[in-house]
Each structure stands twice: as C-alpha cells, then as structure tokens.
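As a plain string of letters, each chain reads:
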Amino acid sequence: MPKPLALDFDPIARADELWTRRWGSVPSMAAITSIMRAHQILLSRVDAVLKPYGLTFARYEALVLLTFSRTGELSLSKIGERLMVHPTSVTNTVDRLERAGLVARRPNPLDGRGVLAAITARGREAVEDATRELMAMEFGLEEYGADQCRQVFELLKPLRVAAGDFTEEGGAPAE
C-alpha cells in the first residue's frame, strides 16, 4: 500500500474552498473528488490482500460470480453481463484465471460457438481464502459500520440506475 500522505489539511476541502471562490459552490466537485480518492484507497487495500493469491479485484469478482452459479460455470457473455464489463475485459480476465489454474474453459453445450468458464478446485480454494481475508478487513471499509456501508450503497444506487446498470423494479436475476 502507498505511504500515507499525513497532510495537516484536507486537500479536497481546500480544493472545494478554492473552487467556490473561483467558480461558485459546486458540491458535486468535492463529492466526485472524494469518491475518486476513496476508490484509490480501497483498491490499494483490497489489492494488497488479493495480490498473494495472484488476483486483481476483477479476477476475484469473476471467481466469486462462478461460485454463486449453481454449476460453478457460466458463459463468458453472462460473466460480462453480470460484472458489467466489456467482452474483451472478460476474455482477458478468464485468460489470466485459466493460466493460473483457477478456471477451466469448455465448450458451451447449449451454444456451439460459446465458451463456459468453470471454477476449478484451486479456484474455489483461492476465492474462499481471499474472501475470508477481505471480510476480516471489511473489504477496506473498516472505518465504517454496517449501517454506514448500507447508506453508501443506497446513496450510490440512483447513479447506477441512471447509468442503466439495472432497473429498480427488477428482482434478483435468474442464473
């Protein structure tokens, strides 16, 4: 993890003050800057846990998704849909997981052109061990309680709905 900055002031609050003086109050500027900094901090914390397993957060998410499926395998297109990533990113992720022996590819019997990614025993072990460690460190959010984490989730939900990630009326997807 990077060395803490240990500044004697909040640089985002300072930027907000300067922004307000120059262009007027725009709370969304301070919010987005805080979100982007939080993303850097959280990614650093989570990556530090996942690195010993040879995982990135994207690869970890793919393994978790496979453990959630009834059979431990999903089509690459379904993985992309569920993880909300481009097909090229899914291919890259699955390629890396396959090289590490954490998933295996096989032809999709329901789609002659399609491919399934199946989690291996080694992949299940890695995801279980990594998950235990991530849960122990609250996925990097140890400064927050459960209620605060739920509030963050709810605060960000309208942004994800507006981006078209899902509709609020929708229930849990079928596998």
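**Some details on the nonpolar core**
Alright, step 1. Formed by 26 residues in total, the largest nonpolar core has its most connected members in Tyr60, Leu63 and Ile79.
Alright, step 2. When contributions to this core are tallied by element, the ones reaching two or more residues are α2 (27-50), α3 (57-68), α4 (76-83), α5 (87-99), β3 (115-119) and α6 (121-136).
Alright, step 3. The element best represented in this core is α3, accounting for 6 residues.
Alright, step 4. Discounting chain neighbours no more than four positions away, the residues touching leucine 63 are Leu55, Leu97, Leu102, Val103, Ile119, Gly123 and Val127.

**Section: the packing of aromatic side chains**
Alright, step 1. Evaluated as defined, the whole model comprises 2 aromatic pairs.
Alright, step 2. Seen from their ring centres, tryptophan 19 and tryptophan 23 are 4.5 Å apart, and the 55 degrees between their planes marks the pair as tilted. Within this pair, tryptophan 19 and its partner tryptophan 23 are both found in helix α1 (residues 11-23), separated by 4 residues, close to a single helical turn.

**Structural notes on α2**
Alright, step 1. Spanning 24 residues, α2 covers 34 Å between terminal C-alpha atoms, matching the ideal 34 Å at 1.5 Å per step.
Alright, step 2. Next to the buried residues of α2 lie α1, α3 and α6.

**Observations concerning the pairing of β3**
Each regular strand carries side chains that alternate between the two faces of the sheet.
Alright, step 1. Most of β3 is tucked away: 4 of the 5 residues are buried.
Alright, step 2. As defined by bridge partners, strand β1 (residues 73-75) adjoins β3 across 3 bridges and the pair is classed as antiparallel. Paired with leucine 74 across the strands is alanine 117, a residue of β3.
Alright, step 3. Bridge count between strand β2 (residues 103-107) and β3: 5 bridges; the pairing is antiparallel. Among the inter-strand pairings, proline 107 is bridged to a residue of β3, identified as valine 115.

**As for the sheet that holds β3**
As a general point, the strands of a sheet are linked pairwise by backbone hydrogen bonds and lie either parallel or antiparallel.
Alright, step 1. Spatially, the 3 strands line up as an open sheet ordered β1-β3-β2, and their pairing is antiparallel. Since the sheet does not close on itself, it has two edges, and those belong to β1 and β2, each with one partner. Strand-to-strand twist in this sheet, taken as the mean axis angle between neighbours without regard to direction, amounts to 30 degrees.
Alright, step 2. Seen against the sheet, α4 touches β1, β2 and β3 and runs at an angle of roughly 90 degrees to β1.

Conventions used here
Residues numbered from 1 in each chain as written. Predicted model: local features only at pLDDT ≥ 70, side-chain atom pairs only at ≥ 80, totals over all residues. Heavy atoms only, no water. Core = buried A, V, L, I, M, F, W, Y, C linked by side-chain atoms within 4.5 Å. Buried < 20%, exposed > 50% of the residue type's maximum accessible area, 1.4 Å probe, protein only. Helix = DSSP H or I, 4+ residues; strand = E, 2+ residues; numbered from the N terminus. Contact = heavy atoms within 4.5 Å. Phe/Tyr/Trp six-rings, centres within 6.5 Å; stacked < 30°, edge-to-face > 60°. Expected span 1.5 Å × (residues − 1). Pairing = 2+ DSSP bridges. Axes fitted to C-alpha atoms, helices over the stretch in contact; angles between N-to-C directions.

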